[in-house]
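Here is how the chains run, residue by residue.
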Protein chains: 2
Amino acid sequence: MAGMINATEGMRCSHAFLSCEEALPVFSKEDLPDVILLDIGLPGMSGIQGIEKFKELSPSTLVVILTVYDDNDKVFNALCAGASGYLLKDSPPEKVIEAIKEVLAGGAPMNMQIAHKVLGMFAQFKPKKANYGLSEREKEILQYMVSGLTKQQIADKLFLSFHTVNTHLKNIYTKLHVNTRSGAVSKVYEEHLL
Amino acid sequence: MAGMINATEGMRCSHAFLSCEEALPVFSKEDLPDVILLDIGLPGMSGIQGIEKFKELSPSTLVVILTVYDDNDKVFNALCAGASGYLLKDSPPEKVIEAIKEVLAGGAPMNMQIAHKVLGMFAQFKPKKANYGLSEREKEILQYMVSGLTKQQIADKLFLSFHTVNTHLKNIYTKLHVNTRSGAVSKVYEEHLL
DNA sequence: AGAGAAATGCCACGAACGCGGTATAGTGAA
DNA sequence: TTCACTATACCGCGTTCGTGGCATTTCTCT
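1. A look at the protein's contact with DNA strand C
And step 1. Taken together, 18 residues sit near DNA strand C, with Asn-166 and Lys-170 of chain A together with Ser-135, Arg-137 and Thr-164 of chain B positioned nearest.
And step 2. Backbone sugar and phosphate groups make up 59% of those atoms of DNA strand C lying within 4 Å of the protein.
And step 3. The separation between a base nitrogen of DNA strand C and a polar side-chain atom of Asn-166 of chain A is 2.8 Å.
And step 4. Taking Arg-137 of chain B, its side chain carries an N or O atom lying 2.6 Å from a phosphate oxygen of DNA strand C.
And step 5. The dominant element in the surface near DNA strand C, judged by the number of residues it contributes, is helix H9 (residues 162-176) of chain B, at five residues.

This is the structure:
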């Protein structure tokens with residue numbers, strides 16, 4: 001791959017390493033690359049951690065993942081850690097060169113299948129459904145409960161009697177099929193209510 | 001755009017509408033398209049709602065957004081609603097044709113800038129790695145609390161004394177800087193602990 | 001060997017909660 | 001005009017929680 005890059009007009013592969021541990025010390029110097037091509041199935045430090053370390057040292061350096069792993073978890077974590085692209089090892093070298101150009105142009109190179117996975121994650125992320133028939137008032141009160149207030153504090157905030165809040169809370173519990181505050185709060189996050 | 005599509009080998013644009021409201025009735029029939037090219041800045045029903053409606057009627061139909069809007073919110077919501085691709089209106093028609101082919105091949109066509117935004121969202125999504133120094137046992141107990149159990153129930157589950165759970169909970173509250181169950185549970189979800 | 005963290009256990013008290021009731025007023029649909 | 005829903009308000013009982021304190025054991029790391 002390094003040879004391929006060096007053979008490309010306007011590109012130079014300054015270093016190549018077998019692990020993040022070897023690469024990081026070199027990085028401390030002023031010789032910062034524009035792009036890092038990184039595998040994530042590495043001996044020692046995982047590539048995911050590597051991304052974070054590299055990004056700490058040089059936030060402007062773009063990290064493109066090039067690996068054989070395509071499971072949702074690895075993809076998700078790599079992107080969360082700050083990767084700017086994700087390619088699979090079955091990509092032909094020309095595609096990799098192309099990807100480097102793309103990421104430098106402000107893009108986000110991804111394999112077709114990875115891009116598909118990524119969009120799929122969004123759908124998973126916000127399946128805003130499951131309507132328990134909460135009234136507006138109940139949602140409002142639930143909101144305050146989620147933020148950690150007690151019944152009395154909620155009552156004060158909404159200029160209601162303590163007893164009213166109490167009743168609302170009872171109804172909320174019934175509708176959500178829970179019987180503790182923590183259960184209700186969990187349900188709110190778990191099912192993206194409110 | 002319809003002309004362009006019909007001029008392409010193997011493609012046919014069966015319908016074209018000015019709004020989702022016009023398109024949906026036609027959809028009820030058995031004449032389901034493989035791909036819908038959809039704007040999201042529409043009169044009446046927003047394109048975002050449109051995606052959901054289309055997907056309900058025909059889950060296998062792939063929706064590709066083609067619009068001028070590139071703000072994070074619209075992109076995010078469109079993808080959550082089930083879009084399989086996102087193009088900007090400044091894309092040349094050939095790119096659109098290419099995108100249709102790509103989405104049919106199981107891909108997720110996106111403009112360079114959109115892809116970049118999408119990856120950026122992930123980084124936003126999970127940089128919250130605040131470490132409160134919770135011990136393993138504390139995390140375990142917190143987990144059970146999140147699922148809605150009472151102190152006594154947790155104690156039973158872990159074969160501990162009620163008092164032990166009590167102490168752990170006290171320590172957890174201190175470390176998380178909260179003083180209610182709901183506050184703790186919220187923090188867990190809000191900052192992706194555990 | 002000794003310090004420190006973690007896990008475990010116990011006590012007690014006031015505050016908050018969960019849940020069983022009941023009741024009134026307003027709104028909008030059947 | 002009922003009927004159902006919603007928001008409001010009140011009561012009381014037993015349970016659970018939050019918090020103050022203290023003590024023991026078992027690790028790990030130095």
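2. Here we look at the protein's contact with DNA strand D
And step 1. Taken together, 18 residues are adjacent to DNA strand D, and Ser-135, Arg-137 and Ser-161 of chain A together with Lys-170 and Tyr-173 of chain B come closest.
And step 2. Taking the atoms of DNA strand D that fall within 4 Å of the protein, sugar and phosphate contribute 60% of them.
And step 3. Residue Lys-151 of chain B places a side-chain N or O atom 3.2 Å away from a base nitrogen belonging to DNA strand D.
And step 4. Interatomic distance of 2.6 Å between a side-chain N/O atom of Lys-170 of chain B and a base oxygen of DNA strand D.
And step 5. Those elements that place two or more of their residues in the surface near DNA strand D are helix H7 (136-146) and helix H9 (162-176) of chain A together with H9 of chain B.
And step 6. If one sorts the elements of the surface near DNA strand D by residue count, H9 of chain A sits on top with five residues.
And step 7. Across the surface near DNA strand D, the residue classes tally to two nonpolar, eleven polar and five charged.

3. A closer look at the confidence of the model for chain A
And step 1. Per-residue confidence for chain A gives a mean pLDDT of 88, with 94% of residues at or over 70.
And step 2. When pLDDT is averaged over each element of chain A, strand S3 (residues 85-88) of chain A comes out on top at 95 and helix H2 (residues 20-27) of chain A at the bottom at 83.

4. What to know about the sheet that holds strand S1 (residues 35-38) of chain B
Residues and elements named next belong to chain B.
And step 1. Spatially, the three strands line up as an open sheet ordered S1-S2-S3, and their pairing is parallel. Across the chains shown, the open sheet's two edge strands, defined by having one partner strand only, are S1 and strand S3 (85-88). Each adjacent strand pair in this sheet contributes to an overall mean axis angle of 20°, direction not counted.
And step 2. When S1 meets strand S2 (residues 62-67), the two strands line up parallel, connected through four bridges. Directly across from Leu-38, in S2, lies its bridge partner Ile-65.

5. Quick notes on the packing of helix H2 (residues 20-27) of chain B against helix H3 (residues 47-57) of chain B
All names here are of chain B.
And step 1. With their axes 11 Å apart at the nearest point, H2 and H3 run at an angle of 0° to one another. Here H2 lies roughly parallel to H3, going by the angle between them. Of the residues in H3, those in contact with Cys-20, Ala-23, Leu-24 and Phe-27 of H2 are Gly-50, Lys-53, Phe-54 and Leu-57.
And step 2. Split by residue class, the contact of H2 with H3 holds six nonpolar, one polar and one charged.

6. Focus on the relation of the copies chain B and chain A
And step 1. Mapping chain B onto chain A calls for a rotation angle of 178° and an axial translation of 0.3 Å; the resulting RMSD is 0.8 Å. Both copies of the chain, as the preceding transformation shows, are related through a two-fold rotation axis. Closest approach to the rotation axis within chain B is made by the C-alpha atom of Ser-182 of chain B, at a distance of 2.4 Å.

7. Observations concerning the sheet that holds strand S2 (residues 62-67) of chain A
All names here are of chain A.
And step 1. Across the sheet, which stays open at both edges, the three strands sit in the order S1-S2-S3 with parallel pairing between neighbours. Lying at the two open borders of the sheet, with one neighbouring strand each, are strand S1 (35-38) and S3. Mean inter-strand twist for the sheet, computed between neighbouring axes without regard to direction, equals 20°.
And step 2. Helix-sheet contacts for helix H3 (residues 47-57) involve S1 and S2, and the interaxial angle to S1 is about 170°.

8. Digging into the side chain of Ser-186 of chain A
And step 1. The topology assignment puts Ser-186 of chain A in helix H10 (residues 181-190).
And step 2. Taking the relative accessible area as the measure of exposure, Ser-186 of chain A reaches 7% and is therefore buried.
And step 3. Apart from residues no more than four positions distant in its own chain, Ser-186 of chain A is found in contact with Val-146, Ser-147, Val-185 and Tyr-189 of chain B.

9. Observations concerning the pairing of S2 of chain B
All names here are of chain B.
And step 1. Most of S2 is tucked away: five of the six residues are buried.
And step 2. By the bridge criterion, four bridges tie S2 to S3 in an arrangement that is parallel. Among the inter-strand pairings, Ile-65 is bridged to a residue of S3, identified as Tyr-86.
And step 3. Between S2 and its parallel partner S3, the chain crosses via helix H4 (residues 72-81), and the hand of that crossover is right-handed.

Cut-offs and rules
Residues numbered from 1 in each chain as written. Chains lettered and ligands numbered in written order. Predicted model: local features only at pLDDT ≥ 70, side-chain atom pairs only at ≥ 80, totals over all residues. Heavy atoms only, no water. Near = heavy atom within 4 Å. Polar contact = N/O pair within 3.5 Å; in protein donor to acceptor, adjacent residues only side chain to side chain. Helix = DSSP H or I, 4+ residues; strand = E, 2+ residues; numbered from the N terminus. Nonpolar A, V, L, I, M, F, W, Y, C, P; charged D, E, K, R; others polar. pLDDT = per-residue confidence, 0-100. Pairing = 2+ DSSP bridges. Axes fitted to C-alpha atoms, helices over the stretch in contact; angles between N-to-C directions. Parallel < 35°, antiparallel > 145°, perpendicular 65-115°, else oblique. Contact = heavy atoms within 4.5 Å. Least-squares fit on C-alpha atoms with pLDDT ≥ 70 in both. Buried < 20%, exposed > 50% of the residue type's maximum accessible area, 1.4 Å probe, protein only. Right-handed = clockwise from strand over helix to strand, strands pointing away.

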